[in-house]
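# Fold and geometry: a report
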Amino acid sequence: MKHSKTWQTLVLAGVLSFSVPAGAGTLEDVQERDELVCGIDGGLPGFSAPDNSGKMQGVDADVCYGIAAAVLGDRDKVKFVPLTAKERFTALSSGEVDVLSRNTTHTLTRDASLGLNFTYYNFIDGAGFMIRKAMGVSSAKGLGGARLCIQAGTTTEQAVGDFFRANNLQAFTPKPFDTSVQTREGYEAGACDILSSDKSQLAAIRSELANPGAHVILPETISKEPLGPVVRQGDDVWFNTVKWVLFATMNAEELGVTSSNISSHKNSSNPAIARLVGKEGGLCKLISGVLSDTCFYDVISQVGNFGESYEANVGENTPIGLKREGSVNDLWSRGGLIYAPPLR
Amino acid sequence: MSKFTPIPAREPPASSVGVVGWVRTHLFSSWFNSVLTVLILWSLLQIVLPALQWLFLDASWGGANSDACKTDFISPEDGEHYRVDAPGACWTFTKVRFVQIMFGLYFAAHPSEVWRPVLMFALFGGLMAPLFMPAFRWKWQLGVFTLLVFPFIAFALVHGEWLGLPVAETNEWGGFMLTFFLAVGGIVLALPIGIVMALGRRSDLPIIRSLCVFYIELWRAAPLITILFMASNLLPLFFPSGVDFDKVVRALIAITMFQSAYTAEAIRGGLQAIPKGQGEAASALGMGYWKNTGFIILPQAMKISIPGIVNTFIELFKDTTLVGIIGLHDFLGSAQIAARSPDWKGYDFEAYVYVALIFFMCCFAMSKYSQHLERKLDTGHKER
Amino acid sequence: MIRGFVFCGESLYSPKMLEGDKTGQVVGRDIPLHRDPKIRAIAFQAAAVLFFVWALWTIGSNTVANMEERGIVLGLSWLDKLAPFQVGFSPFLDNVLGENIYWRIFFIGVQNTIYVSFFGIIAATLLGFVIGVMRLSPNWLVAKIASVYVEIFRNIPLLLWFFFWYFIVFLPALPGVRESISFVDAVFINKSGLYLPLPVAESSSAAAVFLLICLAAVVGVAYLVRWARKRQDWTGKQFPALSASLAILILVPVAGFYVSGSPYSLEYAKLGTFQLSGGINLTTEFFVVWFALTTYTAAFIGENVRGGILAVSHGQTEAARSLGLHHGQNIRLVIIPQAMRVIIPPTISQYLNLTKNSTLAIAIAYEEIASIWMGISLNTTGQALIIIAMTVGVFWTLSFLTSALLNWYNKRVQLTER
């Protein structure tokens, strides 16, 4: 009964009389509510955006589906809350959302000063530049003095500043826009020469411009932007749950377990797979007694492994079109950076 | 002594009556005015005709996708056929995206539920229409019903939970409907606070008066954007952890606070206009403060301040567009997003014109209504 | 039976309650404590104060508890730290890109807010007067155009105007940097805005002499105007003060410029790879914010002007005519001074509205206080409480100054009625 709660709160607000509720763990809260509240972007194709039938799709959305499958046994028991870059941390720390899966970069400042815990990365990104082909610039080193459209309140702006100073380029003129829609509109109308954002987003933005061919993404990656789900500090059980849901999808890919073949692995003799599907080890119960033994099985069977999610949402055959092979987002065994601790 | 018979008055010269006379006195009264008239007529032709052509004559109305707004073009250079944008407005866009722009994403994704907001707006129209009929006698009661009961009916219909319908969570609300809810909800919640604050500001008790002045000036001095930022960043800090608010509810709280200060000032204007004699007469009859206020002062003051309240409501209605800045998809925001979707690239001009036209119609009608009320309610009792 | 008392109002003479007794005579008797207006006044106010303090305390303690829980440290030391982002537009304050501390970001934000509001107020006043006078024009067409203008601008949200002027009109219409419109290679207009030559002082002593000469011209004009008015009061003779002042204000500085040995040279904007550098740059964002605020507010000021002029009774015009004043003198000396009394108070609150509305610039990348302070700085520091309090504080100060100005003006022009 979400709404009776809202109205109660309104009444509370009216008379300003409140008492502090006793805080149980997030995991128990989610199970009691029988619904996971997940903070996402909601308008970022490939990460989290509604498809034609209004269902949220993307690698960030898949993290939410995965956690719901592990904790509640049903991937669809998720309520998505779209958040702007500015309000996302307040929303998480105030308890408005249980987990924040909104292409959020892990940095020291955020880790240390916001009261949050970054779990692990579901996409490893880096900032880059997009510019009009007609400007005739082929390297980011030639961008000194340019006007830069940027979404206010992202880490990209800092990365760009660092890059310009490290390379002794003439300072740029920032044009900070409030939303990604306005940033794109400003760039297209000519308010600036270059648009800077994470490279995954640049690809998406370019595909949405009126004439994508007239714009080029420069080769340089100027920053490290490891993106992943975030939880509140001080709830280690929930922290471990979210972290290991993510690790399980990576382990599943390493082991060759996918959503379509996992049912055939149910009685696997391979000890690693047996632990993944919950036949041996009782790993889920180690995280918390309230999880079922098959929590990872539910994740893989309902949402798929890490690679499946990538290919379905941002891979080469999607409008985003990011090639995975040989990129940092490939498994460590194939030269990438995706390396999950073992399930044992 | 013969009777004095005045000679009949001469007819006015033909040049000062009728169409010719009107034109002469109103358009060509001096050489300067004549030049002005000709210049203005010429530039109007330059602007209005192409605008009408774009809006209506060349516009595309039918079709189901952006192809309806394109036209065949044979390049004179290579003789190839191209599909290029037609010269007129593309109203196909607003037609296809109508539900998204008007009612938000939830109803766009669930076409079978669209009847709910439609019925809500129809009910609202049905409730408002009698207010414009001079013969209708129950205006006062109807107004109170619209203010106190209708919001709950509207919420129940659109949200759905109370009626057992599929639930449309408030964070999935959007479009014109969200703008409507924020503005109407804001004024309904702000009215009681505004009345209390206006009475407090006129009170003889110094502490109550200064608290009310503080409250009113606090919200009036700050721009709405800062108040919306306050609601989205600070409100969660003000409440014990675990108390969570919907984004829409947070925006509504901010709008209510902001609006209550303006409503209070409008009502204070009404209170000031009541002649002192009214209150004094009531006191002489032995009425206490509450009776005096409730039966004598307030009914008259509210009547006088209705036009002022309607004017603040118009401002509020326009200001709700700012909720886009804290991430809600209101009317303007929904239209912008619809115009940036991959299949409707480049129709943002149409989106802006569409939103502007609807805002204009609503606000213009309301301001004319408020002027009409002002004239009608002016019973000559105001203190000037 | 009539019972009761007057709770507020001067008609209360003594705290006695009047009540008819059995014989029908009205007798006074002491009233019970809970009905004594003085005691009730104290009780009511005490309750209000208690409620207020309790609400503040609850909010305060919740906030402290929440911030502790979230590890947000309330303090001001971060204001001296380096801000990790850059600000592009700062006409007066030093703005070394990437080397600003948060204090400086705050002041740059305040500066940009005041800067655009200042020019907006001037332009909106001028345009508003034109619109207001046009609405009363004897030419029907002119009056209609003015009223259509007012209706269109008043009934469409300002944010929509911002988007419309920025994304639909000005950005697409202005030429690219390499196709800039230029006037004698000194003034350039392109998508980045307007570029003007910047006067640079070559020798500071000569520049000081020049500035002193300019100052002397201003002081001289002030004296001239006072003298002319005095002479008119005594002798009735008019002196062409306006044209004489203009002549002094233009000619003396020009002469002074050469006398002091041309202490300034002009720095022209030069084309770089992406944009022009050097000179004075008024960015497109600044221009659009200014333009949108001006056109929008002028519609409201126009209505004030119209109302003010209509409020001057026609008898005044008739009296002026019978004294032999011609039309221009009537408007200038009789109508406008009286209309100003009605026009100025609502217009000053429009000035405040314009300043508050400048925060909408957050939507189109003009870097004023809402954008770089309440938007970006809040996001990089997470210090929501202090940042929002400082922002609100700025507007409080502006609003306080405005109402002080208004009160001063009202006192000054108050009619001494008989």
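Because the structure is predicted, anything quoted here is derived from the model rather than measured. Positions within a chain are numbered from 1, following the residues in the order the chain's sequence is written. A letter from A marks each chain and a number from 1 marks each ligand, given out in the order of writing. Only residues with pLDDT of 70 or above have their local features reported here, since the model is predicted, and side-chain atom pairs are shown and tallied only from 80 upward, although totals for entire chains, interfaces and linings are computed over all residues.

Secondary structure elements are taken from DSSP: a helix is a run of H or I of four residues or more, a strand is a run of E of two residues or more, and numbering for both begins at the N terminus. What chain A contains, in helices and strands, is 13 helices and 14 strands. Here the radius of gyration uses the C-alpha set of atoms, whereas the globule reference equals 2.2 Å times the residue count to the power 0.38. The C-alpha atoms of chain A give a radius of gyration of 21 Å, which matches the 20 Å a tight globule of 344 residues would have. By principal-axis analysis of the C-alpha atoms, chain A measures approximately 60 × 60 × 40 Å. The exposure scheme places C-beta atoms from the backbone and then counts, for each residue, the other C-beta atoms within 10 Å of its own, assigning buried at 20 or more, exposed at 12 or fewer, and partly exposed in between. Looking at chain A as a whole, 54% of its 344 residues are labelled buried. The contact criterion used here is simple: two residues whose C-beta atoms, placed from the backbone, lie within 7 Å are in contact. Residue pairs in contact within chain A that sit at least 24 positions apart in sequence constitute 71% of those at least 6 positions apart.

This brings us to the interface of chain A and chain C. If you look at the interface, chain A gives 32 residues, while chain C gives 32 residues. Looking at the side of chain A that touches chain C, the elements that each hand over two or more residues are α4 (88-93), α6 (156-166), β10 (173-177) and α7 (180-189) of chain A. Note on residue classes: Ala, Val, Leu, Ile, Met, Phe, Trp, Tyr, Cys and Pro are nonpolar, Asp, Glu, Lys and Arg are charged, and everything else, Gly too, is polar. For the side of chain A that touches chain C, the class distribution of residues is 12 nonpolar, 12 polar and 8 charged.

Here we come to the interface of chain C and chain B. Counting residues at the interface gives 52 residues for chain C and 49 residues for chain B. Those elements that provide at least two residues to the side of chain C that touches chain B are α1 (37-70), α3 (140-154), α4 (158-173), α10 (369-381) and α11 (384-413) of chain C. By residue number, the principal contributor to the side of chain C that touches chain B is α1 of chain C, which donates 12 residues. Along the lines of polarity and charge, the residues of the side of chain C that touches chain B split into 37 nonpolar, 12 polar and 3 charged.

Let us look at the sheet that holds strand β12 (residues 215-217) of chain A. Residue and element names in this part refer to chain A. The pairing criterion for strands is at least two bridges between them, as found by DSSP. The sheet built from 5 strands is open, its strands ordered β10-β9-β11-β8-β12 with mixed pairing. Since the sheet does not close on itself, it has two edges, and those belong to β10 and β12, each with one partner. Each strand of the sheet is rotated relative to its neighbour by a mean of 30°, with strand direction disregarded. Two strands pair when backbone bridges link them, and strand β8 (residues 127-132) and strand β11 (residues 194-198) are joined in this way by 5 bridges, in the antiparallel orientation. Bridge pairing in β11 links glycine 128 to serine 197. Against the sheet, α6 engages β8, β9 (147-151), β10 and β11, with an angle of about 115° to β11. Contacts from α7 reach β9, β10 and β11, with the element oriented near 160° to β9. Angular values range over 0 to 180 degrees, each being the angle between N-to-C directions of two axes fitted as lines to C-alpha atoms, with helices fitted over their stretch in contact.

These results come straight from atomic positions and should not be treated as a statement about function.
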